[in-house]
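Coordinates in review
Take a look at the letters that make up each chain.
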Amino acid sequence: YRFFGEPVVEACVENGASCIDISGEPQFLEGMYLKYNEKAAEKGVYVVGSCGFDSIPADMGVLYTRDKLQGTLTAVESFLTVKSGPEGARIHDGTWKSAVYGFMDQDNLRKLRKKIGYAPVPVVGAKLKRRGLVFYNREFRQYSMPFMGSDVSVVKRSQRYLYTEFQETPVQYGAYVNIGGLGSVIKLMFAGILFLLLVKFSFGRKLLIKYPEFFSAGRFTKKGPTQKQIDGTSFTMTFFGEGYSEGQDPQNGKPNVKICTEVKAPEPGYVTTSVLMVQAALSLLEDAACLPKQGGVYSPGAAFSKTKLIDRLNKHGVEFSVISKPEV
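These remarks concern the structure in this document.

Basis of the calculations
Residues numbered from 1 in each chain as written. Predicted model: local features only at pLDDT ≥ 70, side-chain atom pairs only at ≥ 80, totals over all residues. Heavy atoms only, no water. Helix = DSSP H or I, 4+ residues; strand = E, 2+ residues; numbered from the N terminus. Rg over C-alpha atoms; globule rule 2.2 N^0.38 Å. Buried < 20%, exposed > 50% of the residue type's maximum accessible area, 1.4 Å probe, protein only. Contact = heavy atoms within 4.5 Å. Areas by Shrake-Rupley, 256 points an atom, 1.4 Å probe, with all protein chains shown as cover. Lys, Arg positive; Asp, Glu negative; His and termini not counted. Charge placed at Lys NZ, Arg CZ, Asp CG, Glu CD. Pairing = 2+ DSSP bridges. Core = buried A, V, L, I, M, F, W, Y, C linked by side-chain atoms within 4.5 Å. Phe/Tyr/Trp six-rings, centres within 6.5 Å; stacked < 30°, edge-to-face > 60°. 1 Å grid on protein atoms, 1.4 Å probe; cavity = no way out; pocket = protein on both sides within 12 Å on 5 of 7 lines; lining within 4 Å. Points joined across faces, edges and corners; volume = space filled by probe spheres on them. Nonpolar A, V, L, I, M, F, W, Y, C, P; charged D, E, K, R; others polar. Axes fitted to C-alpha atoms, helices over the stretch in contact; angles between N-to-C directions. Parallel < 35°, antiparallel > 145°, perpendicular 65-115°, else oblique.

**Some remarks on the overall build of the chain**
For the chain, the count of helices and strands is 13 helices and twelve strands. Radius of gyration (C-alpha) of the chain: 20 Å, near the 20 Å computed for a compact globule of 328 residues. Principal axes of the C-alpha set define a box for the chain whose edges measure 55 × 50 × 40 Å. Within the chain, buried positions represent 47% of all 328 residues. Intrachain contacts of the chain at a sequence separation of at least 6 include 81% that bridge at least 24 residues. Roughly 17300 Å² of accessible area belongs to the chain as shown, and the carbon and sulfur atoms make up 55% of that amount. With 41 positive and 32 negative side-chain charges, the chain shows a spacing of 7 Å between the two charge centroids.

Printed below as a string of structure tokens:
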């Protein structure tokens, strides 16, 4: 999307067509907001980015958790678990390239955000603590680390919009991924250090892009997954939410209510992303009365918070459910 996405957005806005994409690149997504939000609003068209695995499960999962809590949700942490069959799991190197260019260009992303001039969102309730780089997760009995995708930035945009437009309580959000036992941690740390060293230099980036399989320990390949690997892979995203019961003031005292929800679905990159994209498009077409009043460039949570998108997804194998009901 960084190199080829903008002409599509521009053509859609110029010609009055709404558009969705499955980008997981914050710089592209927020760059399109800066350049085309006002034009899209004038034309009455909706440009909704990140309508794939990045980042509908996270963005709509936070809203689902909020709606299922009896009270005020103030913070959520999500944990992604990917399960693979005997053939293992593979990811196409397009995602790898996005990561290489994303890490390379972090300074420009900061500059872009300064240009946009995002209004600060207040922290309501107890401040969500950031966890360490790697930590043992008792709930899953394995190690976890921060999720490096675009989920946090997308959820933040949605929460900012819902707070600004509807004065809804903004939810703090942290995203993590479960990585397995100690052996997986050591492998990942070694690969991560190598990646961060190489991505700083032009020569290093060329190596990373040319040999994704070698530098990712076989996880990313130019061919992508086989059909057997796709069939054997699934994921669960578990959300741990906390907040304040009805009648409790979130500005006073500690959170006194918790909830756990999850999104469960087939292989994320091909199967689930296709479902998410198609159902998002149908929501855009068929739930028009529930979309934001005017066109613009939106994140999924901002565009679809009042639509039937979650109901549509539940009917097509992307299941949103409550694991433990709100407990005071």
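**Section: the side chain of Ser 50**
Residue position: Ser 50 is located in the loop between β2 (46-48) and α3 (56-68). We classify Ser 50 as buried; its relative accessible area is 1%. Ignoring any residue separated from it by four or fewer positions in sequence, one finds Ser 50 in contact with Asp 21, Ile 22, Ser 23, Leu 29, Ser 55, Ile 56, Val 154 and Pro 300.

**Notes on the pairing of strand β6 (residues 142-146)**
Alignment of strand β5 (residues 135-137) against β6, held across three bridges, turns out to be antiparallel. Bridged to Phe 135 within β6 is Ser 144. Taking the residues between adjacent antiparallel strands as the criterion, β5 and β6 are bridged by four residues, where Arg 141 takes a positive phi near 55°.

**Focus on the nonpolar core**
Counting 45 residues, the largest nonpolar core has Ile 56, Met 60, Phe 304 and Phe 320 as its most contacted members. Element by element, the count of residues in this core is highest for α3, at six residues. Excluding residues within four positions of it along the chain, Phe 304 makes contact with Val 48, Cys 51, Met 60, Ala 280, Ser 283, Leu 284, Leu 291 and Leu 309. In this structure, Cys 19, Leu 29, Val 47 and Val 154 belong to the second largest nonpolar core, which totals 13 residues.

**Points about the packing of aromatic side chains**
Per the counting criterion, the structure on display carries 19 aromatic pairs. Taken together, a centroid distance of 5.4 Å and an interplanar angle of 85° make the contact between Phe 135 and Tyr 176 edge-to-face. Taken together, the positions of Phe 135 in strand β5 and Tyr 176 in strand β7 (residues 172-180) put the pair 41 residues apart, joining distant regions of the chain. Owing to a relative accessible area of 6%, Tyr 176 belongs among the buried residues under this scheme.

**Thoughts on the layout of surface pockets**
Taken as a whole, the second largest pocket holds about 600 Å³ of empty space. Lining the second largest pocket are 27 residues, and of these Tyr 33, Tyr 161, Thr 164, Glu 165 and Tyr 298 sit closest to its centre. Contributions of two or more residues to the lining of the second largest pocket are made by α2 (26-43), α6 (151-166), β11 (296-298) and α12 (300-304). No other element matches α6, which puts seven residues into the lining of the second largest pocket.

**Quick word on empty space enclosed by the protein**
Applying the stated criterion across every chain, the model contains one cavity of 30 Å³ or more. In this structure, the largest cavity encloses a volume near 50 Å³. Together, Asp 21, Phe 28, Leu 29, Met 32, Val 47, Val 48, Gly 49, Arg 157, Val 297 and Tyr 298 line the largest cavity. Elements supplying a minimum of two residues to the lining of the largest cavity: α2, β2 and β11. No other element matches α2, which puts three residues into the lining of the largest cavity. Classifying every residue of the lining of the largest cavity by side-chain character gives seven nonpolar, one polar and two charged.

**Some remarks on the packing of helix α1 (residues 6-14) against α2**
For the pair α1 and α2, the least separation of the axes is 9 Å and the interaxial angle reads 10°. Comparing their axes, α2 and α1 come out roughly parallel. Counted together, Glu 6, Val 9, Glu 10, Val 13 and Glu 14 of α1 and Phe 28, Met 32, Lys 35, Tyr 36, Lys 39, Ala 40 and Lys 43 of α2 form the full contact between these two elements.

**Digging into the environment of Glu 267**
The topology assignment puts Glu 267 in the loop between β10 (257-266) and α11 (268-286). The class for Glu 267 is buried, based on a relative accessible area of 6%. Sequence separation between Glu 267 and Gly 232 is 35 residues, and the spatial gap between their C-alpha atoms is 7.7 Å. Glu 267 has contacts with Ile 230, Thr 233, Ser 234 and Thr 272, leaving out every residue within four places of it along the chain.

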